[in-house]
Amino acid sequence: MKPPMAVVIGCRWLERRTELAFSIRSLAGAASRCGPVAVLVPGDPKEPAADGLFDLRRIGPPEAPQWPDGVPTDTTIIVDELTAEVAGLLASAQPLSALFLSARDGPFSRAWQTLRLVGGDEAVGVHVPVNRLAERYRHHGFGFTDYVLVLSDRRGDVGEPPPPAVAWVSAGFPDADVVVVEDAVASAWKGRSLRGKVSVDTRMDLWRLLAHANVCIDLGPGPIIARECIEALRFGTPVVVPDRAGPALVHAQESGGSAFADPDELLAAVGRMQKDAARSAVSDAGRRYAESHFGDPTALVTRMQAVLGAE
Amino acid sequence: MEPMVRDAQDAIAEMPEVAPRMLRQPADAPPAVGHVGTSAPVVSLRRILSDRPAGSGRSFRGWAARVSGRSDRRLLLALAGATDAMATHCDLLADRLAAQEAVTADVADVYGKEIALLRAELVHLRRSEAALREAGA
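With that settled, consider the overall build of chain A. Within chain A, the regular secondary structure consists of 10 helices and 14 strands. The globule rule puts the C-alpha radius of gyration for 311 residues at 19 Å, and the 21 Å found for chain A is close to it. Based on the C-alpha atoms only, the size of chain A along its principal axes is roughly 65 × 40 × 35 Å. Expressed as a percentage of the 311 residues in chain A, the buried residues total 48%. Look at the contacts in chain A between residues 6 or more apart in sequence, and 55% of them connect residues 24 or more apart.

Moving on to the overall build of chain B. Assigned secondary structure in chain B consists of 4 helices and 0 strands. Mapped in sequence order, the helices and strands of chain B form the string α-α-α-α. The contacts in chain B between residues at least 6 apart in sequence include a share of 71% that link residues at least 24 apart.

Here we come to the packing of helix 1 (residues 19–32) of chain A against helix 10 (residues 297–308) of chain A. All names here are of chain A. Running from amino to carboxyl end, helix 1 crosses helix 10 at an angle of 80 degrees, the nearest separation of the two axes being 9 Å. Taken together, the axes of helix 1 and helix 10 are roughly perpendicular relative to one another. Of helix 10, the residues touching helix 1 (which contributes L27, A30 and A31) are L300, V301, M304 and L308. Its residues assigned to classes, the contact of helix 1 with helix 10 shows 7 nonpolar, no polar and no charged.

Turning next to the domain arrangement of chain A. By a frequent convention, interface size equals the accessible area lost on bringing the separate parts together. Residue and element names in this part refer to chain A. Under the domain assignment, chain A is made up of domain 1 (6–125 + 297–308) and domain 2 (133–294). In this structure, domain 1 and domain 2 have C-alpha centres spaced 32 Å apart. Listed as interface residues are 10 residues of domain 1 and, on the opposing side, 9 residues of domain 2. Taken together, the residues of the side of domain 1 that touches domain 2 sort by class into 5 nonpolar, 4 polar and 1 charged.

This paragraph deals with the sheet that holds strand 3 (residues 49–51) of chain A. Residue and element names in this part refer to chain A. The sheet built from 7 strands is open, its strands ordered 3-4-2-1-5-6-7 with mixed pairing. Both edges of this open sheet fall to strand 3 and strand 7 (113–114), since each of them pairs with a single strand only. By the bridge criterion, 2 bridges tie strand 6 (residues 97–103) to strand 7 in an arrangement that is parallel. Among the inter-strand pairings, F100 is bridged to a residue of strand 7, identified as T114. Strands in contact with helix 2 (residues 84–93) are strand 1 (6–9), strand 5 (76–82) and strand 6; relative to strand 5, the strand with the most contacts, it is inclined by about 165 degrees.

To continue, consider the nonpolar core. Residue and element names in this part refer to chain A. In terms of nonpolar packing, the biggest core is built from 99 residues, with V8, V148, L149, V150, V169, L210 and V270 touching the most fellow members. Residue-level mapping places this core at the junction of two domains, with at least three residues from each of domain 1 (6–125 + 297–308) and domain 2 (133–294). The contacts of L149, once residues within four sequence positions are left out, are V179, L209, L210, A213, C216 and I217.

Next up on the list: unusual backbone geometry. The phi torsion at R192 of chain A lies on the positive side, around 65 degrees, for a residue other than glycine. When you line up the elements, R192 of chain A lands in the loop between strand 10 (185–190) and strand 11 (193–199).

Moving on, we get to the pairing of strand 4 (residues 54–58) of chain A. Residue and element names in this part refer to chain A. Judged from the 3 bridges that link them, strand 2 (residues 37–41) and strand 4 form a sheet pairing that is parallel. The partner of V39 across the bridge, within strand 4, is L56. The antiparallel pairing of strand 3 with strand 4 creates a hairpin that spans 2 residues between the two strands, and G52 there sits at a positive phi of about 65 degrees.

Residues and elements named next belong to chain A. Over its 14 residues, helix 1 extends 20 Å from the first C-alpha to the last, a length consistent with the 20 Å expected when each residue adds 1.5 Å. Across the 14 residues that make up helix 1, a large majority, 11, are buried. Those residues of helix 1 that fall on the buried side of the exposure criterion are E19, L20, F22, S23, I24, R25, S26, L27, A28, A30 and A31.

Below, the discussion takes up the sheet that holds strand 10 of chain A. All names here are of chain A. Read across the open sheet, the 7 strands follow the order 11-10-9-8-12-13-14; overall the sheet is mixed. In this open sheet, the two strands that pair with only one neighbour each are strand 11 and strand 14 (258–260). Neighbour to neighbour, the strand axes of the sheet diverge by 20 degrees on average, direction disregarded. Of the strand pairs in this sheet, strand 8 (residues 147–151) and strand 12 (residues 213–218) are connected by 5 bridges, and their pairing is parallel. Among the inter-strand pairings, Y147 is bridged to a residue of strand 12, identified as A213. Along the sheet, helix 6 (residues 227–234) contacts strand 8, strand 12 and strand 13 (239–242); its crossing angle with strand 13, the most-contacted strand, is approximately 160 degrees.

Residues and elements named next belong to chain B. Inspection of the secondary structure assignment puts V33 in the loop between helix 1 (9–13) and helix 2 (40–54). Sequence separation between V33 and R21 is 12 residues; the distance between their C-alpha atoms is 30 Å. When residues no more than four places from it in sequence are discounted, the contact partners of V33 are A94, L97 and A98.

A low pLDDT score tells you not to read the predicted coordinates there in detail. Residues and elements named next belong to chain B. Residues at a pLDDT of 70 or more form 76% of chain B, whose mean pLDDT is 79. Helix 1 is the least confidently modelled element of chain B, averaging 45 in pLDDT, while helix 4 (residues 70–136) averages 90, the highest of any element. Segment residues 1–15 is flagged for pLDDT under 50; beyond a separation of four residues in sequence, or across chains, it makes 2 contacts in the model. Predicted as a complex, the structure gets a pTM of 0.85 and an ipTM equal to 0.80.

Parameters and conventions
- Residues numbered from 1 in each chain as written.
- Chains lettered and ligands numbered in written order.
- Predicted model: local features only at pLDDT ≥ 70, side-chain atom pairs only at ≥ 80, totals over all residues.
- Helix = DSSP H or I, 4+ residues; strand = E, 2+ residues; numbered from the N terminus.
- Rg over C-alpha atoms; globule rule 2.2 N^0.38 Å.
- Buried ≥ 20, exposed ≤ 12 C-beta atoms within 10 Å, placed from the backbone.
- Contact = placed C-beta atoms within 7 Å.
- Axes fitted to C-alpha atoms, helices over the stretch in contact; angles between N-to-C directions.
- Parallel < 35°, antiparallel > 145°, perpendicular 65-115°, else oblique.
- Nonpolar A, V, L, I, M, F, W, Y, C, P; charged D, E, K, R; others polar.
- Domains from an automatic or database assignment.
- Pairing = 2+ DSSP bridges.
- Core = buried A, V, L, I, M, F, W, Y, C linked by C-beta atoms within 7 Å.
- Expected span 1.5 Å × (residues − 1).
- pLDDT = per-residue confidence, 0-100.

The structure is reproduced here in structure tokens:
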């Protein structure tokens, strides 16, 4: 059996809902097109498990990981979350090179590099899939399109007023339909009052909502890749995000979208998207950006080959 | 600076950034009230009244003939006329109410929007001012 071209240490591999799990799985999949890949995850070493394409190797509990027998160390190691414990493991393994997506503790060895997923020409990116059928049919729960979509950063509660950003947008644009996705429920607001609620059961439901929105305001974008922003851009929906450093801000800047620090900037950003010509230009730019960086799996494999030094 | 010598506009500057309040019920203009004149009884009454002078007057007279006594017939005619006038007046009121509700909804929308934009701008100015003060300090 050929030795692995890369070893992936997936501390968050099994936490499927996290962006770290999504990203490391996407990278491991791309790396597997270049050569064999070994995936190490926390857990009892006596219980190896199959997970789709990969046979997972367990490395013990997160607080005391052990390098598994039979897995060579003289290769490229990709870590999703670099912790003090994983750093100890890497230090003992002496890999050819070590790359990580995020670091929780630190500082760590300078020889270990961040693998950039977003921003700049050298970012390796990930593949963010979407279903194009979502563009064809709107969400069945609402009888309108061209709404302002707000992805909330909190868990909703019955009777609780919507996030402040929604209140500002609904007050500033009384004629606009504002749809808020919060805790797997989409609530439609217009003229400062609630008009109805529908559940968002599947990713396809979310994609439909993203695809038919006039603009998407993501109040709590993911810290690793801001996946929902990418999905919105792939459907040609401009994004508006809080003015905080992170991948979402990069997406907004690269796609011609907007960032806001206060209600005035938020209303100005939403107002710009109400003009067809401006919205159309931003929509096209966003779609081009998202397709080229996150929509082409073949390009991701090529970039991964460059990272791993594979021919 | 001592509170007593602070400028009055500082009171505005210290307002918390409270988001606009949402409404419990939609504030849209309700559907317009329909015309009484288009209701079946009034349409029927007007048809009979209009038939009277135009034709032989047989139908209204025939209807009124069932009522005994001249004074009763006069009263019936006056009642029909008054009903017709009230229906016309109700329709005019319904038109005015619809127009008034449309104006109210428009004004509420416009002022609500203007106030929200002004408040947002105020928040922005406050932040800018605070940033300038910090930079200057």
